[in-house]
Amino acid sequence: MAEVKVLGSWRSAFSLRVEWALKLKGVEYEFIEEDMSNKSALLVESNPVHKKIPVLIHNGKPIAESLVILEYIDETWENGPLILPKDPYDRAVARFWARFLDEKWLPAYLTACLVSGEEQAKAKGEAEESLRILDNELQGKKFFGGDFIGFVDIVGNIMANWAVVISELAGLEIITKEKFPNLCRWMDEYVHSSSVKEHLPDPEKLTESLRSRFQRTNK
Ligand SMILES: N[C@@H](CCC(=O)N[C@@H](CS)C(=O)NCC(=O)O)C(=O)O
C-alpha cells in the first residue's frame, strides 16, 4: 500500500488544504505535526528551498507548496471527486483564481491586520478590492468550483475561517454581508459542508494560537 505522510500543522490553512484534498479523495495518510519554532530534520530535508509546511511525502518522495501538492493529489488518486476541472480552459481559470487568492488577496489582507494608520487603510483598500472581485466571481454559484467543492474552494479555506479569526483579533471588520454578500454566503455554505466542517480547527484553539501575532493592543 502507498505510504502517504503530511508534514503540517493543525493551525495552518496551507497544510489543511492538503489534508482536505486527501480526505476528499479518501486517501489514508499519516499526519506529522511540525513545531515551527523547531523544524524537524525531515521537514528541512524534504523542503530544503522554503523549509515550510505543508510537505506531502508519497512513497518517500517529497512534494512542497500546497497548490502543487493539490494538483499532485488530483493526478495521483483518480478515484473520488476531481479537485481541478477536467476541461483545460476551466483548469487554467481555477489556477488563475487560486494564485489570485494567494498572491493578491492574502498578502493585502494579512498586512491590513498587522499594521496601522495609513498603511493599514491602504492594505485594507487593496484587500477589499480583491474581495469585490472574488464576490463577483461567486455570483450565481454555490462554490467557486460550481455545485461542488473544488481547487479554488480548497485554496480559499483561509478566507472561510482564518481570515475571520485574524480580523476579529486585529479589531478590523473586512468581510461583511453588506459589502460581500456572495462571499459570505459561500463562507457559510463552505464551512458547513460535510467534507469541511468536521475537519476545521477548533475556533477557540485557533484564536488562542493566533492571538499573540494579530491582537492589537494600541487600537
Ligand atoms: N506558499 C506556501 C506557503 C506555506 C506557508 O506559509 N507555511 C507556513 C506555515 S502556515 C510555514 O511553514 N512557515 C514557516 C516559515 O516561514 O519558516 C504553500 O502554499 O504551501
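Just so it is clear, the model here is predicted, and its values are computed rather than measured.

Caption draft 1: Local environment of the packing of helix 7 (residues 157–170) against helix 10 (residues 203–214). Running from amino to carboxyl end, helix 7 crosses helix 10 at an angle of 50 degrees, the nearest separation of the two axes being 9 Å. Relative to helix 10, helix 7 is oriented oblique. As helix 7 runs across helix 10, the sense of the crossing is right-handed. Within the contact between the two elements, helix 7 uses Asn 161, Trp 162, Val 165, Ile 166, Leu 169 and Ala 170 and helix 10 uses Leu 206, Thr 207, Leu 210, Arg 211 and Phe 214.

Caption draft 2: Local environment of the pattern of salt bridges. The final tally for this structure, using the stated rule, is 11 salt bridges. Across the pair Glu 19 and Lys 23 runs a salt bridge whose closest N-O atoms are separated by 3.8 Å. Linking Glu 19 with Lys 23, this pair stays in helix 1 (residues 13–25), spanning four residues, or about one helical turn. A salt bridge links Lys 25 to Asp 74; the shortest N-O distance between them is 2.9 Å. Taken together, the positions of Lys 25 in helix 1 and Asp 74 in helix 3 (residues 66–76) put the pair 49 residues apart, joining distant regions of the chain. With a relative accessible area of 8%, Lys 25 lands in the buried category. Given the relative accessible area of 6%, Asp 74 is considered buried.

Caption draft 3: Quick peek at unusual backbone geometry. The residue after Ile 53, namely Pro 54, is reached through a cis peptide bond having omega 0 degrees. Examined against the element boundaries, Pro 54 turns out to sit in the loop between helix 2 (41–46) and strand 3 (55–58). For Asn 59, which is not a glycine, the phi torsion comes out positive at approximately 50 degrees. Mapping Asn 59 onto the fold places it in the loop between strand 3 and strand 4 (61–64). The exposure class assigned to Asn 59 is partly exposed, which follows from its relative accessible area of 46%. Of note, Glu 65 is a non-glycine position whose phi angle comes to about 80 degrees, a positive value. Structurally, the position occupied by Glu 65 is in the loop between strand 4 and helix 3. A relative accessible area of 39% means that Glu 65 is categorised as partly exposed.

Caption draft 4: Structural context of the nonpolar core. Within the largest apolar cluster, 65 residues are counted, with the highest numbers of intra-cluster contacts made by Leu 22, Trp 105 and Trp 186. For this core, the element with the most residues is helix 4 (residues 88–114), which contributes 11 residues. Counting the residues that make up this core, at least three belong to each of domain 1 (4–76) and domain 2 (88–214). Once residues within four sequence positions are removed from consideration, Trp 186 is found in contact with Leu 138, Lys 142, Phe 143, Phe 144, Asp 153, Gly 156, Met 159 and Ala 160. Formed by five residues, the second largest nonpolar core is a distinct cluster that contains Leu 7, Leu 43, Val 55 and Ile 57.

The rules behind these values
- Residues numbered from 1 in each chain as written.
- Predicted model: local features only at pLDDT ≥ 70, side-chain atom pairs only at ≥ 80, totals over all residues.
- Heavy atoms only, no water.
- Axes fitted to C-alpha atoms, helices over the stretch in contact; angles between N-to-C directions.
- Helix = DSSP H or I, 4+ residues; strand = E, 2+ residues; numbered from the N terminus.
- Parallel < 35°, antiparallel > 145°, perpendicular 65-115°, else oblique.
- Left-handed = near helix turned anticlockwise from the far one by under 90°.
- Contact = heavy atoms within 4.5 Å.
- Salt bridge = Lys/Arg side-chain N within 4 Å of Asp/Glu carboxyl O.
- Buried < 20%, exposed > 50% of the residue type's maximum accessible area, 1.4 Å probe, protein only.
- Core = buried A, V, L, I, M, F, W, Y, C linked by side-chain atoms within 4.5 Å.
- Domains from an automatic or database assignment.

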